[in-house]
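# Examining the three-dimensional arrangement
The lines below spell out each chain.
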Amino acid sequence: MARGSVLYTLATHTSGRGNVMADLVLGDLIAHCGQGQRGAGIYEGSRGMRATAAWLLLLPLPHPQLSPAAWPQASSRLSRSQGRGSSQRWSQPISARQSERQHSPSGTAELTAVSAWRGSMAMSPLLYYALPALGSYVVISMFFLRRPHLLHTPWVPAFFPRLGAHRGGSGERLENTMEAMENSVAQRADLLELDCQLTRDGVVVVSHDENLSRQSGVNRDVGSLDFEELPLYKEELEVYFSPGHFAHGSDRHMTRLEDVFQRFPRMPMSLEVKGENVELIHKIAGLVRRFDRCEITIWASEKSSIMKKCRAANPEMPFSFTISRGFRLLLLYYLGLLPFIPIPERFLICFLPTIINRTYFPFSSPGLNQLAAVLSKWFIMRKSLIQHLEQRGVQVIFWCLNEESDFEVAFSLGATGVMTDYPTALRRYLDNQRAAARAS
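Residues numbered from 1 in each chain as written. Predicted model: local features only at pLDDT ≥ 70, side-chain atom pairs only at ≥ 80, totals over all residues. Heavy atoms only, no water.

The next thing to look at is the overall build of the chain. Assigned secondary structure in the chain consists of 19 helices and ten strands. The burial tally for the chain puts 47% of its 440 residues in the buried class. Within the chain, residue pairs in contact and separated by at least 24 positions form 67% of the contacts whose partners lie at least 6 positions apart. Here the chain displays about 21,600 Å² of accessible surface, and carbon together with sulfur accounts for 57% of that area. (Helix = DSSP H or I, 4+ residues; strand = E, 2+ residues; numbered from the N terminus. Buried < 20%, exposed > 50% of the residue type's maximum accessible area, 1.4 Å probe, protein only. Contact = heavy atoms within 4.5 Å. Areas by Shrake-Rupley, 256 points an atom, 1.4 Å probe, with all protein chains shown as cover.)

Okay, structure coming up:
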């Protein structure tokens, strides 16, 4: 349907708002927005039609120029509805008609409105092309977010950890001890999360803290003592992320990483390096190669600078996201760029946001804890993000406490597994879920 016919149909059902505004805007339409017969046809009709058409023409749609040769034909159509005087007036140049209106007090406001309309028309090309381009980008991004295999070859995981033991299972036995790891393995843990330090005589030991005050009451750094000089753990240790809960155990000895590899040769492990100790990193990398564990041992660190050194020492080991890389991941996701960006990491190990402000308090200020809980929950807990990572072979492991509600939330989001200080509680939950699935 011709544009003039559409405007005419719409206009005949509305009332007029003044001849001056209609004449000027429709005059510009004839001069700039259509072929001769189409432009003249728009002007046909009553005063109400002309005024309504003027408002409808504010829609930013481009039209070809009207050639000078088309003016007689347009004037002829106008004369049949408005008379010869009107036709002669419309055959005048636009500048002459505007000058005529400026001498009329009733046309001043309408001229101002027309000027504003022309300014909005100048922005129409940007909106006309930018909005469709933006819409197409959103659709394409969502398409590949759900089908990443069309752009990327997914990682092939060597193992699928369902139950991870944080610090070897620090909620039930003394953290990072051999007894804690054996207890976790007895609960059929799929992954042991450990922290490594280096002694003065070059032995890699499993210890979360560099300073031994919290663990043993001795205010010395691990690096200032030989392995044989390391003190025993305390008889009980407060679970760091569960204030008021204490772990006990008969084994109070700090263990060597080499002994752990010997005891659990095929158990997948995540080894976190906290300090930029190049010697420590190279010794870990050498032990992993020596025990042929490259595919089942994960590099982990909070800092990208440390992770860069880890990857250089042993590039065969898979590695997890650092904090800065995690924020970059979220930024790319919300910008719609994630489907088009390669991901070298194979694991995303992240805390479950719902544990903040309940028993885990990362900040001393209650207000900051509440804000952190709300923001992290809103930004991180996105099922579409987790499913996208899983389809690209990136395994997502949420670190939780010992509440079944946390386990339920983590698995409902699509996480590969859950890491906890309490492997017995997680094993009980998984067994119950498996039994319920069989019963149904």
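Next, the rest of the story.
With 50 residues, the main nonpolar core has Leu 389, Phe 398 and Leu 426 as its most contacted residues. Setting aside its immediate chain neighbours within four residues, Leu 426 contacts Arg 162, Leu 163, Gly 164, Phe 407, Phe 411, Val 418 and Thr 420. Counting residues in hydrophobic clusters, the runner-up holds 31 residues, among them Leu 257, Leu 287, Cys 294 and Ile 306. (Core = buried A, V, L, I, M, F, W, Y, C linked by side-chain atoms within 4.5 Å.)

Right, let's get into the packing of helix α13 (residues 278-290) against helix α14 (residues 304-313). At their nearest, the axes of α13 and α14 sit 9 Å apart, and the two run at 40° to each other. Overall, the two elements α13 and α14 adopt an arrangement that is oblique. For the crossing formed where α13 meets α14, the hand is right-handed. Across the interface between the two elements, Val 278, Ile 281, His 282, Ala 285 and Arg 289 of α13 pack against Ile 306, Lys 309, Cys 310 and Ala 313 of α14. For the contact of α13 with α14, the residue count by class is six nonpolar, one polar and two charged. (Axes fitted to C-alpha atoms, helices over the stretch in contact; angles between N-to-C directions. Parallel < 35°, antiparallel > 145°, perpendicular 65-115°, else oblique. Left-handed = near helix turned anticlockwise from the far one by under 90°. Nonpolar A, V, L, I, M, F, W, Y, C, P; charged D, E, K, R; others polar.)

On to the pairing of strand β2 (residues 191-198), then. Burial within β2 is extensive, with eight of its eight residues counted as buried. Of the two faces of β2, the one holding Leu 191, Glu 193, Asp 195 and Gln 197 and the one holding Leu 192, Leu 194, Cys 196 and Leu 198 are both buried throughout. With three bridges connecting them, strand β1 (residues 163-166) and β2 associate as parallel partners. When the bridges of β2 are listed, Ala 165 appears paired with Leu 192. After leaving β1, the chain enters helix α10 (residues 178-186) and then returns to the sheet as β2, a path that is right-handed. Judged from the four bridges that link them, β2 and strand β6 (residues 269-272) form a sheet pairing that is parallel. Considered in β6, the bridge of Leu 192 is made with Met 269. In terms of strand pairing, β2 meets strand β3 (residues 204-206) through three bridges, oriented antiparallel. Bridged to Cys 196 within β3 is Val 206. A loop of five residues connects β2 with β3, the two strands running antiparallel in sequence, and Gly 202 in this loop sits at a positive phi of about 80°. (Pairing = 2+ DSSP bridges. Right-handed = clockwise from strand over helix to strand, strands pointing away.)

Before going further, it helps to spend a moment on a nonpolar patch on the surface. Taken together, Leu 134, Tyr 137, Val 138, Ile 140, Met 142, Phe 143, Leu 150, Leu 151, Leu 331, Leu 335, Leu 337 and Phe 340 make up a surface patch of nonpolar side chains, about 1,000 Å² in accessible area. Going through the elements one at a time, α9 (124-146) and α15 (323-335) are the ones with two or more residues in the nonpolar patch. Residue placement: Leu 150 occurs in the loop between α9 and β1. Since its relative accessible area comes to 47%, Leu 150 is described here as partly exposed. (Patch = residues over 30% accessible without salt bridge, like charges linked within 9 Å, V, L, I, M, F, W, Y side chains within 5 Å. Salt bridge = Lys/Arg side-chain N within 4 Å of Asp/Glu carboxyl O.)

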